[in-house]
Amino acid sequence: MTATAIRNLLSKPEILVVPGAADAMSARIVEDVGFSAVYASGAGIANVQFALPDVGLLTMTEMIEPIRRIVEAVEIPVIADADTGYGNAVNVTRTTQVYEDAGVAAMQLEDQVTPKKCGHFNGKEVISTEEMIQKIHAAVKARKEMLIIARTDSIATHGMEESIHRANLYARAGADIIFVEAPTQKDQIVELPKQIKAPLLFNMTEGAKTPIISHDELHEMGYRIVIHPNLAMRIAARAMQSALAVLQKARSSELLIPSMLEWNERQRLVRLPEWETLDDELSRFEIADSR
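First, a word on scope: everything that follows refers to the structure included in this document. (Residues numbered from 1 in each chain as written. Predicted model: local features only at pLDDT ≥ 70, side-chain atom pairs only at ≥ 80, totals over all residues. Heavy atoms only, no water.)

**Some thoughts on the overall build of the protein**
Item 1. The number of helices and strands found in the protein is 13 helices and eight strands.
Item 2. Taken over the C-alpha trace, the protein has a radius of gyration of 21 Å; the compact-globule value for 291 residues is 19 Å, and the two agree within 12%.
Item 3. With 291 residues in all, the protein has 48% of them scored as buried.
Item 4. Long-range contacts, defined here as pairs at least 24 residues apart, represent 70% of the contacts in the protein between residues at least 6 apart.
Item 5. Total accessible area on the protein is roughly 15,300 Å²; 54% of this is exposed by carbon and sulfur atoms.
Item 6. Placing the 30 positive and 40 negative side-chain charges of the protein at their respective mean positions leaves the two points 3 Å apart. (Helix = DSSP H or I, 4+ residues; strand = E, 2+ residues; numbered from the N terminus. Rg over C-alpha atoms; globule rule 2.2 N^0.38 Å. Buried < 20%, exposed > 50% of the residue type's maximum accessible area, 1.4 Å probe, protein only. Contact = heavy atoms within 4.5 Å. Areas by Shrake-Rupley, 256 points an atom, 1.4 Å probe, with all protein chains shown as cover. Lys, Arg positive; Asp, Glu negative; His and termini not counted. Charge placed at Lys NZ, Arg CZ, Asp CG, Glu CD.)

Take a look at the structure:
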């Protein structure tokens, strides 16, 4: 799905709720239960695909392959994390081209130094405003229609006033959506939409530095998008821990059957019936012998 789909969703009055996915199957489930967009989480991909922490260890090549599979698995638009753009403004140019070629509808860039850290970790540092503006210019110049989301982590390093200043500069530089990462107080969350002249994205990372705010409250405050980057992944990981502990103790999987995705539901999600139909059609295809 193209950036037009995201623009259409943002034109609606309600807030756009976007769960995160770290793999194609998770993205398919996000779509299947009825969400209108999915977020390809950099932290999620690092955790799930590589069992690594979100501290800037993945290259652009390592990130784009899981993202490409997510895009191919769904028909809803994909918002994709591009961390710091994997280098300077010139690198951002290529990153933008590669992400758009992969079918990404909106790409997120942040103003941390490289290597970056999860926005809710301590010890973050940010690049200069001038360098980030160069990256935004590079992304805007290189994209065909993909939306650019500019994230600032400066609220932790320089305070509220600086984060608002940067956010407005990034919007004027051409970013379509602004993302102020990791506000720690509700009054900050309330104030940001009042001071920033651009559509705002809110990151709901449960249990981290930002307090839990309901979708309705965020909508009333003026936020246009809320992402839950790793909610599904973390719940799935907890379920795996619990199930495998039962398997080890009970020495049988029988007790776990009620908690499993049913066999037929699993095959429906991966679209086995469609592949079986195709296999049947191809097996009956014949070309008349004209001799």
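**Quick notes on the environment of Met-25**
Item 1. Mapping Met-25 onto the fold places it in helix 2 (residues 24–32).
Item 2. Of the residues examined, Met-25 reaches a relative accessible area of 32% and is grouped as partly exposed.
Item 3. Sequence spacing of Met-25 and Met-160 is 135 residues, and the spatial spacing of their C-alpha atoms is 38 Å.
Item 4. When near neighbours in sequence (up to four residues on either side) are disregarded, Met-25 contacts Leu-261, Leu-269 and Val-270.

**A few points about the packing of helix 8 (residues 160–172) against helix 9 (residues 186–195)**
Item 1. As a packed pair, helix 8 and helix 9 sit with axes 10 Å apart at the nearest point and diverge in direction by 35 degrees. In terms of crossing hand, the pair formed by helix 8 and helix 9 is right-handed. Two secondary-structure elements touch here, helix 8 through Met-160, Ser-163, Ile-164 and Asn-168 and helix 9 through Gln-188, Glu-191, Leu-192 and Gln-195.
Item 2. Here the residues of the contact of helix 8 with helix 9 sort into three nonpolar, four polar and one charged. (Axes fitted to C-alpha atoms, helices over the stretch in contact; angles between N-to-C directions. Left-handed = near helix turned anticlockwise from the far one by under 90°. Nonpolar A, V, L, I, M, F, W, Y, C, P; charged D, E, K, R; others polar.)

**Considering the pairing of strand 3 (residues 78–81)**
Item 1. The alternating pattern of strand 3 places Val-78 and Ala-80 and Ile-79 and Asp-81 on opposite faces, both of which are buried.
Item 2. Bridging between strand 3 and strand 4 (residues 106–110) involves three bridges; their strand directions are parallel. The residue of strand 4 that forms the bridge with Ala-80 is Met-107.
Item 3. Of the crossover connections in this fold, the one passing from strand 3 over helix 5 (residues 89–101) to the parallel strand 4 is right-handed. (Pairing = 2+ DSSP bridges. Right-handed = clockwise from strand over helix to strand, strands pointing away.)

**Brief notes about the pattern of salt bridges**
Item 1. Tallied over the entire structure, the rule returns 17 salt bridges.
Item 2. Close ionic contact of Arg-151 with Glu-110 constitutes a salt bridge, the shortest N to O distance being 3.5 Å. Within this pair, whereas Arg-151 is found in strand 5 (residues 147–152), its partner Glu-110 is found in strand 4, the two being separated by 41 residues in sequence.
Item 3. Given the relative accessible area of 5%, Arg-151 is considered buried.
Item 4. Through salt bridges with shared partners, a single ionic network connects Asp-54, Asp-83, Glu-110, Lys-116, Lys-124, Arg-151, Asp-153 and Glu-181. (Salt bridge = Lys/Arg side-chain N within 4 Å of Asp/Glu carboxyl O.)

**Brief notes about unusual backbone geometry**
Item 1. In this structure, Pro-115 follows Thr-114 across a cis peptide bond, with omega equal to 0 degrees.
Item 2. If you trace the backbone, Pro-115 turns up in the loop between strand 4 and helix 6 (129–142).
Item 3. For Asp-83, which is not glycine, the phi dihedral falls at a positive 50 degrees.
Item 4. Assignment of secondary structure puts Asp-83 in the loop between strand 3 and helix 5.
Item 5. Asp-83 gets classed as buried once you look at its relative accessible area, which sits at 6%.

Distances and angles like these do not, on their own, reveal function.
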